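Given next are the chains, with one letter for each unit.
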Amino acid sequence: MSGQTLTDRIAAAQYTLTGSEVSRAVCKATTHEQTAPKKKHLEYLIQATQDSNVNVPQMGDTLLERVGNASWVVVFKALITTHHLMVHGNERFLQFLASRNTLFNLSNFLDKTGSHGLPMLRNVPTEAD
C-alpha cells in the first residue's frame with residue numbers, strides 16, 4: 001500500500017476537528033503507509049513532550065489506540081514512535097508510560113488487513129522476552 005489511506009486521512013481530520021494537534025501528529029506518524037514515520041511528525045511530538053500545556057496522557061492514549069490497530073504497519077509505526085519518544089522526549093512521557101500497567105499487550109495481535117501482513121508479524125513483538 002503506498003501513500004496515506006482514506007482511513008488515515010479521515011482519522012487525521014477527526015483529530016483536527018477536535019482540536020487535538022498532538023493526536024493528529026500521532027495519527028500522521030502512524031499511517032498505513034509502509035515507510036518510517038515522518039521526521040517532522042516525530043519532531044513535533046518530541047517538542048510536544050517538552051510543552052507543559054500538552055496533555056501527555058492523551059498522547060500516550062492515542063499511541064495505545066494505534067497499537068490496537070488491525071494493521072501491522074500502524075502497530076509497528078506506533079511502537080517506533082513510542083520508542084522514539086521514550087529516547088528523545090521529555091521524562092513526563094516516560095513517567096506516563098511507567099504509570100500504566102497494561103500499555104502494550106500484543107499477545108493476541110494478528111494482522112487482519114491481508115496476506116502481506118503475515119510475513120511481517122515477526123516484526124511486531126507479541127510475547128515478552
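Quick notes on the rules
- Residues numbered from 1 in each chain as written.
- Predicted model: local features only at pLDDT ≥ 70, side-chain atom pairs only at ≥ 80, totals over all residues.
- Heavy atoms only, no water.
- Salt bridge = Lys/Arg side-chain N within 4 Å of Asp/Glu carboxyl O.
- Helix = DSSP H or I, 4+ residues; strand = E, 2+ residues; numbered from the N terminus.
- Axes fitted to C-alpha atoms, helices over the stretch in contact; angles between N-to-C directions.
- Parallel < 35°, antiparallel > 145°, perpendicular 65-115°, else oblique.
- Left-handed = near helix turned anticlockwise from the far one by under 90°.
- Contact = heavy atoms within 4.5 Å.
- Nonpolar A, V, L, I, M, F, W, Y, C, P; charged D, E, K, R; others polar.
- Patch = residues over 30% accessible without salt bridge, like charges linked within 9 Å, V, L, I, M, F, W, Y side chains within 5 Å.
- Areas by Shrake-Rupley, 256 points an atom, 1.4 Å probe, with all protein chains shown as cover.
- Core = buried A, V, L, I, M, F, W, Y, C linked by side-chain atoms within 4.5 Å.
- Buried < 20%, exposed > 50% of the residue type's maximum accessible area, 1.4 Å probe, protein only.
- Expected span 1.5 Å × (residues − 1).
- Arc of directions from axis to C-beta.
- Polar contact = N/O pair within 3.5 Å; in protein donor to acceptor, adjacent residues only side chain to side chain.

**Q** So what exactly am I meant to see when it comes to the pattern of salt bridges here?
**A** Pairing between side chains of opposite charge can happen when their charged atoms approach one another. Overall, the coordinates contain 3 salt bridges when judged by the stated rule. Where E21 meets R24, a salt bridge forms, and the shortest distance between an N and an O atom there is 3.9 Å. With E21 and R24 both in helix α2 (residues 21–29) and 3 residues apart, the pair spans about one turn of that helix. For R100, the salt bridge goes to D61, with nearest N and O atoms at 2.4 Å.

**Q** Please explain the packing of helix α3 (residues 39–50) against helix α5 (residues 72–88) as it appears in this structure.
**A** How two helices sit against one another is set out by the angle between their axes and by the gap between those axes. Between α3 and α5, whose axes approach to 10 Å, the crossing angle comes to 45 degrees. With respect to each other, α3 and α5 are oriented oblique. Our pair here, α3 against α5, has a crossing hand that is right-handed. Note on element contacts: α5 touches α3 through T81, H84, L85 and H88, opposite L42, L45, I46, T49 and Q50. Considered class by class, the residues forming the contact of α3 with α5 number 4 nonpolar, 5 polar and no charged.

**Q** It is not clear to me how a nonpolar patch on the surface should be interpreted in this structure. Could you clarify?
**A** Taken together, the side chains of M86, V87 and L94 make up a nonpolar region of the molecular surface, amounting to roughly 230 Å² of accessible area. Position of V87 relative to the elements: it lies in helix α5.

**Q** Would you mind going over the nonpolar core with me for this structure?
**A** For soluble globular proteins, nonpolar side chains are generally found buried alongside one another. By size, the foremost hydrophobic cluster in this structure holds 19 residues, and its most contacted members are V22, L45, M59, L63, L85 and F93. Of all the secondary structure elements, the ones that give two or more residues to this core are α2, α3, α4 (56–67), α5 and α6 (91–99).

**Q** So what exactly am I meant to see when it comes to α4 here?
**A** Here α4 spans 17 Å end to end across 12 residues, near enough to the 16 Å set by a 1.5 Å rise per residue. By the burial criterion, the buried members of α4 are V56, M59, G60, T62, L63, R66 and V67. Around the axis of α4, the buried residues are gathered within 160 degrees of arc, so they sit on the same side. Two or three places before Q58, at the opening of α4, N55 has a side-chain oxygen 3.0 Å from that residue's backbone nitrogen.

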